[in-house]
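An overview of the molecular structure
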Amino acid sequence: MSELIQTLVTIGITMGAILGGCMYLILVERKISARMQDRIGPNRVGPWGLLQPVADAVKIFLKEDPSPAHVDKFLYRVAPMISVFTTLLAFAVVPFGPVGQAPSFMRFIIAPHIDVGIVFIFAITSLAVYGVILGGWASNNKYSMLGSLRASAQVVSYEIPLGMSVLGVALLAGTLNLEQILAQQAEGGIWKWNFWYQPLACLIFFTSAMAESNRLPFDLPECEQELVGGYHTEYGGLRFVMFFLGEYVHVVTVSFLISILFFGGWYFPWIATVDSAYPGEWLVKIGVLLSKVGAVIIFMMLIRWTIPRFRFDQLMGLAWKVLIPLSMANVVIVMTVLQFGWNRWWLLAASIGLFLMAGVMGVNAKRAEIRRRPRASRPAAWTT
Amino acid sequence: MPIAHKDVTWVEEPEFGFWEATFLPAIAAGLRTTIDHITLNRPVTQQYPEVKPELPLHYRGVHRLNRDEQGRVKCVACMLCATACPANCIAIEAAPAPPEWPDRDKFPATFVLDELRCIYCGMCEEACPVDAIELTHIYDLTATSREEMLFDREKLLEVYDETKNDPKDPVRTGRGRLGPASEFGTLPAVGPATAVEDKDRSADASSPGVIGKAPPDRYGV
């Protein structure tokens, strides 16, 4: 019984924190993008626009909920729910604090002791694409359908490097349980962070995660110039917000994953270690984890407003020609190092080597493509 | 004239090197730009309702009908503005001018301008021979019904009274007299704007504005 109450309290706190956090992350993103574009951003509602999320939420809930006459009513309504439900569900196995040290009324993970944690997350988040596909299909609109087709192609392609890049970490840790992966890094200290052994996997994971959550520069499914609004063209009000929220929660989940898998979770030298014992240390540890997550999210926002959108064939080329071979090679290298019991620091060298090799191959391929490209010959008279 | 060879710059695609293939330096450079904008934030935003924008002098806003020095409407109801108007938003009813107005034949009995139809192109102002209609700097025009946006003669004259002393909306011609077009006695004889020499190509034109010899008569007339 107490277990049930604990779980319910944890779910309540987590959902509230995620949804409220997402609202304020949207405000942060609006502010950051405004500053990047030499604007001010929301500043009317409350001091510095701090009440803007509240105003937005009120507006959205009071909005009319129309559905076009030509849509499939059932799927049209279900699609955004699938989108937001699956992304929220994926958060169930993510530890958001020092799991052993939680206060008695809650836990720092909704579903503890799940040994297939990573697999669970990937299985559930890849279900989110059903929301997108069904939404686009049920809208009965060419732009929506093209957007959802793009989304499915993109998400299915980027699932592979996403999973493969984590495979290296899982092999190193010997487990798929996120709590244990975190605990191993925390016990080992800063030099046991998986980032040092798997920097390439971290880069691949970050890139594919951005593509998974349809963030710029990979937001082809909702590319305005070509597809109006993409798969959510026909959606408005609360239903659109559910899609939007689904994507944002995905971003949050992925940032948690990056912090936990590669950057040691709540561990930080001196202030938040396994041995640290001072009152309120769990609060500090949560703070450390959340600041890591926040840093990843801010970096994603920076990237979003820095890099222009890819072309669709470039996007697919990046996944199939670059990220998948690289992540496969990375897994092979990890297996080799583990099999022969070599020093793990070789993995860092191997990652850098792989990256350089990819660069060389990329430049050769590009030069070959430029050589084969049909081109106008320079008139002889113009050579002077 | 063909382009001289020395004026042609042959642009080659920049060399694609190792670092370009890895994307990372380009991303880092882009990040530096965006982060620079965040840290050295110089917003160009105007806080609109509190701070009004500084409009250029040639801004085209709400119309006004100018008055002459006796406070009468300058308009002579010649219909040139209504004819020039591409949006067809000016409706004028002309009436014979009162006998105590000896300087004109007609005056506008009604002058209704639909501010909602108007596209603010300023062609009425250009067409007006007596500089009676002018566009002001007023841009924040609101009403609760379409009827309120139909500005009649009195309303347009009110706009003139409101804006005539605003430095941004100077009356663009000397106040008082009607414009030069009303001075029939001194109007120049009708003639080409520029003299055409006999050896010029346009001298052979069949009609003004056409360059070249008149085409052979295709219809045998």
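Conventions adopted
- Residues numbered from 1 in each chain as written.
- Chains lettered and ligands numbered in written order.
- Predicted model: local features only at pLDDT ≥ 70, side-chain atom pairs only at ≥ 80, totals over all residues.
- Helix = DSSP H or I, 4+ residues; strand = E, 2+ residues; numbered from the N terminus.
- Rg over C-alpha atoms; globule rule 2.2 N^0.38 Å.
- Buried ≥ 20, exposed ≤ 12 C-beta atoms within 10 Å, placed from the backbone.
- Contact = placed C-beta atoms within 7 Å.
- Nonpolar A, V, L, I, M, F, W, Y, C, P; charged D, E, K, R; others polar.
- Axes fitted to C-alpha atoms, helices over the stretch in contact; angles between N-to-C directions.
- Parallel < 35°, antiparallel > 145°, perpendicular 65-115°, else oblique.
- Left-handed = near helix turned anticlockwise from the far one by under 90°.
- pLDDT = per-residue confidence, 0-100.
- Pairing = 2+ DSSP bridges.
- Expected span 1.5 Å × (residues − 1).
- Core = buried A, V, L, I, M, F, W, Y, C linked by C-beta atoms within 7 Å.

1. What to know about the overall build of chain A
Counting its regular elements, chain A contains 13 helices and 0 strands. Listing each helix as α and each strand as β along chain A from the N terminus yields α-α-α-α-α-α-α-α-α-α-α-α-α. In terms of overall dimensions, chain A is globule-like: its C-alpha atoms have a radius of gyration of 23 Å, near the 21 Å expected for 384 residues. Its C-alpha atoms give chain A principal-axis dimensions of roughly 85 × 65 × 40 Å. In chain A, buried positions account for 42% of the 384 residues. Considering only contacts within chain A whose residues lie at least 6 apart along the sequence, 78% involve residues at least 24 apart.

2. Details of the overall build of chain B
A count of helices and strands for chain B gives 5 helices and 5 strands. The 221 residues of chain B split such that 16% are buried. Intrachain contacts of chain B at a sequence separation of at least 6 include 68% that bridge at least 24 residues.

3. Looking at the interface of chain A and chain B
Across the contact, 21 residues belong to chain A and 21 residues belong to chain B. Element by element, the count of residues in the side of chain A that touches chain B is highest for helix α13 (residues 345-372) of chain A, at 7 residues. For the side of chain A that touches chain B, a count of residues per class yields 11 nonpolar, 4 polar and 6 charged.

4. Focus: the packing of helix α4 (residues 117-138) of chain A against helix α5 (residues 142-173) of chain A
Residue and element names in this part refer to chain A. Packing of α4 against α5 leaves a shortest axis separation of 8 Å and a crossing angle of 175°. In terms of orientation, α4 lies roughly antiparallel with respect to α5. Each of Ile118, Phe122, Ser126, Val129, Val132, Ile133, Gly135, Gly136 and Trp137 in α4 lies in contact with α5, whose residues at this interface are Ser144, Met145, Gly147, Ser148, Ala151, Ser152, Val155, Glu159, Leu162, Gly163, Val166 and Ala170. Considering only residue class, the contact of α4 with α5 consists of 12 nonpolar, 8 polar and 1 charged.

5. Concerning the packing of α4(A) against helix α10 (residues 237-262) of chain A
Residues and elements named next belong to chain A. For the pair α4 and α10, interaxial distance at closest approach is 12 Å and the crossing angle is 160°. Taken as axis vectors, α4 and α10 run roughly antiparallel relative to one another. Relative to α10, the crossing made by α4 is left-handed. For the pair α4 and α10, contact is made by Ile121, Thr125, Ala128, Gly131 and Gly135 and by Phe243, Gly246, His250 and Leu257, respectively. The residue makeup of the contact of α4 with α10, split by class, is 4 nonpolar, 5 polar and no charged.

6. Considerations on the environment of B:Arg42
All names here are of chain B. Residue position: arginine 42 is located in the loop between α2 (24-39) and β1 (63-65). Take arginine 42: there are 7 C-beta atoms within 10 Å of it, and that puts it in the exposed class. Through-space distance from the C-alpha of arginine 42 to that of asparagine 66 is 42 Å; in sequence the pair is 24 residues apart.

7. As for the confidence of the model for chain B
Averaged over all residues, the pLDDT of chain B is 78; the fraction at 70 or higher stands at 77%. Scoring the predicted complex yields pTM 0.76 and, for the interface, ipTM 0.76.

8. What to know about the sheet that holds strand β5 (residues 150-151) of chain B
Residues and elements named next belong to chain B. Ordered by their spatial adjacency, 3 strands build an open sheet running β2-β3-β5, and the pairing between neighbours is antiparallel. Single-partner strands in this sheet number two, and they are β2 (90-96) and β5. Both strand β3 (residues 106-114) and β5 contribute to a ladder of 2 bridges, which runs antiparallel. By the bridge assignment, aspartate 114 is partnered in β5 with leucine 150.

9. What to know about α13(A)
All names here are of chain A. For α13, spanning 28 residues, the distance from its first C-alpha to its last is 41 Å, which sits close to the expected 40 Å at 1.5 Å a residue. For α13, the full list of buried residues reads Leu347, Ala350 and Ser351. Buried-residue contacts for α13 involve α7 (194-197), α8 (199-212) and α12 (312-340).

10. A short note on the nonpolar core
Most often, soluble globular proteins keep nonpolar side chains buried together rather than apart. Counting 92 residues, the largest nonpolar core has A:Val94, A:Phe205, A:Leu257, A:Ile258 and A:Leu261 as its most contacted members. Among the elements that make up this core, the one with the highest residue count is α10(A) (15 residues). In this structure, A:Val94 is in contact with A:Ile109, A:Leu178, A:Thr253, A:Phe256 and A:Leu257, ignoring residues within four places of it in sequence. Counting residues in hydrophobic clusters, the runner-up holds 24 residues, among them B:Cys75, B:Ala77, B:Cys81 and B:Val130.

11. A look at the pairing of β3(B)
As judged from the 7 bridges shared by β2(B) and β3(B), these two strands associate in the antiparallel manner. Each bridged residue has a counterpart across the sheet, and for B:Glu93 the counterpart in β3(B) is B:Thr110.

12. Things to note about helix α6 (residues 178-188) of chain A
All names here are of chain A. Buried within α6 are the following residues: Leu178, Glu179, Ile181, Leu182, Ala183, Gln185 and Ala186. In the core, the buried residues of α6 are packed alongside α4, α5, α7 and α10. Of the residues one or two after α6, glycine 189 is the one with positive phi, at around 90°.

13. Observations concerning the environment of A:Glu29
Residue and element names in this part refer to chain A. Within the secondary structure layout, glutamate 29 lies in helix α1 (residues 2-36). Taking the C-beta count within 10 Å as the criterion, glutamate 29 has 19 such neighbours and is therefore assigned partly exposed. Placed 272 residues apart in sequence, glutamate 29 and methionine 301 show a C-alpha to C-alpha distance of 6.5 Å.

14. Some remarks on the environment of B:Lys168
Residues and elements named next belong to chain B. Within the element layout of this structure, lysine 168 appears in the segment after α5 (153-163). Lysine 168 sits in the partly exposed class, given 14 other C-beta atoms within 10 Å. If near-sequence neighbours (up to four positions away) are discounted, lysine 168 is found in contact with Leu57 and His137.

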